[in-house]
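# A structural walkthrough
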Amino acid sequence: MASLLAYIPSYDDIISFVSDHKIVIILFVLTVVKYLNSLRPIKEVEGSKVRAINNIDEWNELIKISKDSDRLILADFYAVWCPPCKIAAPVYSSMSKHYDDDKITFTKIDVEKSQNISDQLGITSLPTFILLKKGAEIARVVGWSESKVLAMIDKHVQPIDKKNA
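What you see is a predicted model; the values in this text were computed from it and never measured.

## Points about the nonpolar core
- Ranked by size, the top nonpolar core spans 20 residues in total, and within it W59, F77, I109, I117 and L121 carry the most contacts.
- Contributions of two or more residues to this core are made by α4 (56-67), β2 (72-78), α5 (83-96) and β4 (128-133).
- Among the elements that take part in this core, β2 stands out by supplying four residues, more than any other.
- With near-sequence residues (within four places) excluded, I109 lies in contact with I53, W59, A75, D76, F77, Y78, S114 and I117.
- Among the nonpolar cores identified, the runner-up in size contains 17 residues, and F106, F129, I153 and V157 belong to it.

Shown next, in the form of structure tokens:
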């Protein structure tokens, strides 16, 4: 037992190690936090009309439909470990319920599962919301701002609620 105690660092040794390796410890803690956040699922909203795009083929099919019609596409680029993405997800899902499916398709793209799509559209920050018409980008909101995303949509499509008012 005495030989085991010889390997237990003293308080001064621990303080010295921490002060000499601050950056390594910070990076380690951030990695653990990122991993733990990724384990928490993003909340889904009942009645949501958001369509998950899981690969480039699904994306290309959606773009083709958009080019052949007047339907807009709103794409939410997110990651499961991204805190602002987790905050935005249920609000974005709720937004989808207020618009006509024939006018706009709400989509979500996990950048880690579909990196080729995010690379193609130049996604550098999360979340990023891109509005497309006829397959071409017409507006973009970088970061989460409910009012900016709604303003971007409402500039091109009226919510169902306002049509009936």
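## Examining the packing of aromatic side chains
- The final tally for this structure, using the stated rule, is five aromatic pairs.
- Judged by centre distance (6.4 Å) and plane angle (65 degrees), the rings of W59 and F77 are edge-to-face. Linking W59 in helix α4 with F77 in strand β2, this pair joins segments that are 18 residues apart in sequence.
- Judged by relative accessible area, F77 falls into the buried class, the value being 0%.
- Taken together, a centroid distance of 5.5 Å and an interplanar angle of 50 degrees make the contact between F129 and W144 tilted. Of this pair, F129 sits in strand β4 while W144 sits in the loop between β5 (136-142) and α7 (146-154), and the two are 15 residues apart along the sequence.
- Members of the aromatic cluster, connected to one another through ring pairs, are Y92, Y99, F106, F129 and W144.

## With respect to the pairing of β2
- Here β2 lies mainly inside the structure; seven of its seven residues are buried.
- Along β2, one buried face is formed by L72, L74, D76 and Y78 and the opposite face, lined by I73, A75 and F77, is buried too.
- Bridge count between β2 and strand β3 (residues 104-110): seven bridges; the pairing is parallel. Each residue of the ladder has a partner; that of D76, found in β3, is K108.
- For the handedness criterion, the β-α-β arrangement of β2, α5 and β3 is classed as right-handed.
- The pairing of β2 with β4 spans six bridges and is classified as antiparallel. Residue pairing in the sheet places D76 in a bridge with F129 of β4.

The rules behind each value
- Residues numbered from 1 in each chain as written.
- Predicted model: local features only at pLDDT ≥ 70, side-chain atom pairs only at ≥ 80, totals over all residues.
- Heavy atoms only, no water.
- Core = buried A, V, L, I, M, F, W, Y, C linked by side-chain atoms within 4.5 Å.
- Buried < 20%, exposed > 50% of the residue type's maximum accessible area, 1.4 Å probe, protein only.
- Helix = DSSP H or I, 4+ residues; strand = E, 2+ residues; numbered from the N terminus.
- Contact = heavy atoms within 4.5 Å.
- Phe/Tyr/Trp six-rings, centres within 6.5 Å; stacked < 30°, edge-to-face > 60°.
- Pairing = 2+ DSSP bridges.
- Right-handed = clockwise from strand over helix to strand, strands pointing away.

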